[in-house]
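Here's the letter readout for the chains.
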Amino acid sequence: MPASMMLVAPSSAALRSLTLSDPRLLLPLVLATAPPSGHDHPQSHCVSSDLAADSERKASDRRQVAQLLLQMSVVPLSLRSSTQQPQQQEQYERQPRIFVFAYGSLINSQSLHRTIGTILPSHTASKQQRLSAIPALIHGYTRSWSYKCNRKSYTAVSVTPSISRASRVNGVLVPILSEQLSLLDSRECGYNRTQVSLADVSLYSSTFDNFSLHPSDIVFMYTEPVVAHKACPMVPIPQSYVDCIAVGALEYGVEFARDFVALTAGWASHWVNDRRAVAPVRRYVPDMKAGETEAPAATLFAVDAMLKSLVPHAFSARVEL
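Anyway, here's the lowdown on the structure attached to this text. Residue positions are given per chain, counting from 1 as you read along its sequence in written order. With pLDDT at 70 or above as the cut-off, local features in this predicted model cover only qualifying residues; side-chain atom pairs require 80 or more to be listed or tallied, and sums for whole chains, interfaces and linings still use all residues. As a rule here, side-chain values cover all heavy atoms of the structure and leave hydrogens and water aside.

To continue, consider the environment of Ala 290. The way it works is that DSSP assigns letters per residue, a run of H or I at least four long becomes a helix, a run of E at least two long becomes a strand, and they are numbered from the N terminus. Along the chain, Ala 290 falls in the loop between β11 (271-273) and α10 (297-310). Counting along the chain gives 175 residues from Ala 290 to Thr 115, while the straight-line C-alpha distance between them is 8.5 Å.

Right, dumping it as structure tokens:
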């Protein structure tokens, strides 16, 4: 992997703080070093039985840590999905489905639930079990910092059709109830709700086991016909809004979050760090009454490290407020 694509490694003290306050960032490290479960991993014939036993014990410890983290709500869905019960998955597959492809602030589960609530489609007995969003890619579109949000005078992301199907946007397929669609329409009133061809949708390889889109499924996405705006001093890209998306993207893993940055154009435009400002200077403010919370400082440290490594020139030009 090129050096420009690597995350900047924090110091050991910062890493401890990071993982304690946000365990999801520890999970990739745990899984990367844990061998497959069972006893079929290779062992050298020259290794003593004591060393082999010690290796197996450490591997077992790592698997236990991974399983513990998999049960926590902050773990990326793509990793958590493997623990889903087959009956629940079968029930999900049978239901008629409407999806909205979220590619910006709606990636963040708290921001999404602020608008549509926490009840998503489910055929389980309780009717209250949330069905998680599904990491995916939409081909033939380009995402950029090109939407002018007039409510608070800031620049947000939007997607526009591309002349090349090789262009793609990552995001999550959110299963919704038909009555929730009007709530999203109201929130995204400046965009055009567009039905996406299922042929243009592909899933991340680590998505739900055996999940696939059915021919009867409907996927909507909020788009703009053309790029009609660029960030400027009066309508900048606010870090508070970037944080909302990046923290939400980290819910699905570091790779997914990095894809968001890499697959978004326009980072070199006017960009301000409004984290420490107050409204209205701070553009995106979590709605505490709706269940949104401030991201931990350690998570914001990880976001900055990622941005600095992937868009270094634009990050260095970010203006502190």
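Of all nine residues in strand β3 (residues 141-149), seven are buried; the element is thus mostly enclosed. Relative to strand β4 (residues 154-161), β3 runs antiparallel, the two being bridged by eight bridges. Its bridge partner being in β4, Thr 142 is matched across the sheet by Thr 160. In this description, strands pair whenever DSSP reports at least two bridges between them. Between β3 and β4, which pair antiparallel in sequence order, lie four residues; one of them, Ser 153, sits at a positive phi of approximately 55°. When accessible area is computed with a 1.4 Å probe and restricted to protein chains, residues below 20% of their type maximum are described as buried, those above 50% as exposed, and intermediate ones as partly exposed.

This part is about the sheet that holds strand β2 (residues 134-139). A sheet is described by the order of its strands in space; here six strands give the open sequence β6-β8-β1-β5-β2-β7, paired in mixed fashion. Every interior strand has two partners, whereas the edge strands, β6 (192-196) and β7 (201-203), have only one. If you compare each strand with its neighbour and ignore which way they point, the axes differ by 40° on average. In terms of strand pairing, strand β1 (residues 98-102) meets strand β8 (residues 218-223) through three bridges, oriented parallel. Each residue of the ladder has a partner; that of Phe 99, found in β8, is Val 219. It only takes one pair of heavy atoms within 4.5 Å for two residues to be counted as in contact. The angle between two axes is taken between their N-to-C directions and runs from 0 to 180 degrees, where each axis is a line fitted to C-alpha atoms and a helix contributes only its stretch in contact. Those strands touched by helix α9 (residues 254-262) are β2 and β5 (168-176), and its axis lies near 120° from that of β5.

The criterion is simple. A nonpolar core is a set of buried Ala, Val, Leu, Ile, Met, Phe, Trp, Tyr and Cys residues joined through side-chain atoms within 4.5 Å. Core analysis: the largest hydrophobic core is formed by 65 residues, its most contacted members being Phe 101, Tyr 103, Trp 145, Trp 267, Trp 271 and Leu 307. For this core, the element with the most residues is helix α8 (residues 239-250), which contributes eight residues.

With that out of the way, let us pick up the pattern of salt bridges. Counted as salt bridges are all cases of a side-chain nitrogen of Lys or Arg within 4 Å of a carboxyl oxygen of Asp or Glu. Summed over the entire model, instances satisfying the criterion amount to ten salt bridges. One salt bridge connects Glu 188 with Arg 187, and the closest N-O pair in it is separated by 3.5 Å. Here the two residues Glu 188 and Arg 187 agree in accessibility, since each one is buried. Salt bridges sharing partners connect three or more residues here, namely Asp 243, Arg 275, Asp 304, Arg 318 and Glu 320.

Looking now at the environment of Asn 170. Relative to the helices and strands, Asn 170 resides in strand β5. Of the residues examined, Asn 170 reaches a relative accessible area of 0% and is grouped as buried. Considering only alpha carbons, one finds Asn 170 and Leu 137, 33 residues apart in sequence, at a separation of 4.4 Å. When residues no more than four places from it in sequence are discounted, the contact partners of Asn 170 are Phe 101, Tyr 103, Ala 136, Leu 137, Arg 143, Tyr 204, Phe 256, Asp 259, Phe 260 and Leu 263. N or O atoms within 3.5 Å of each other form a polar contact, as long as, within protein, one can give a hydrogen and the other can take it, and as long as residues adjacent in sequence are counted only when both atoms are side-chain atoms. Polar contacts involving the side chain of Asn 170 include one to the side chain of Arg 143, which spans 2.6 Å. Only 3.4 Å separates the side chain of Asn 170 from the side chain of Tyr 204, close enough to count as a polar contact.

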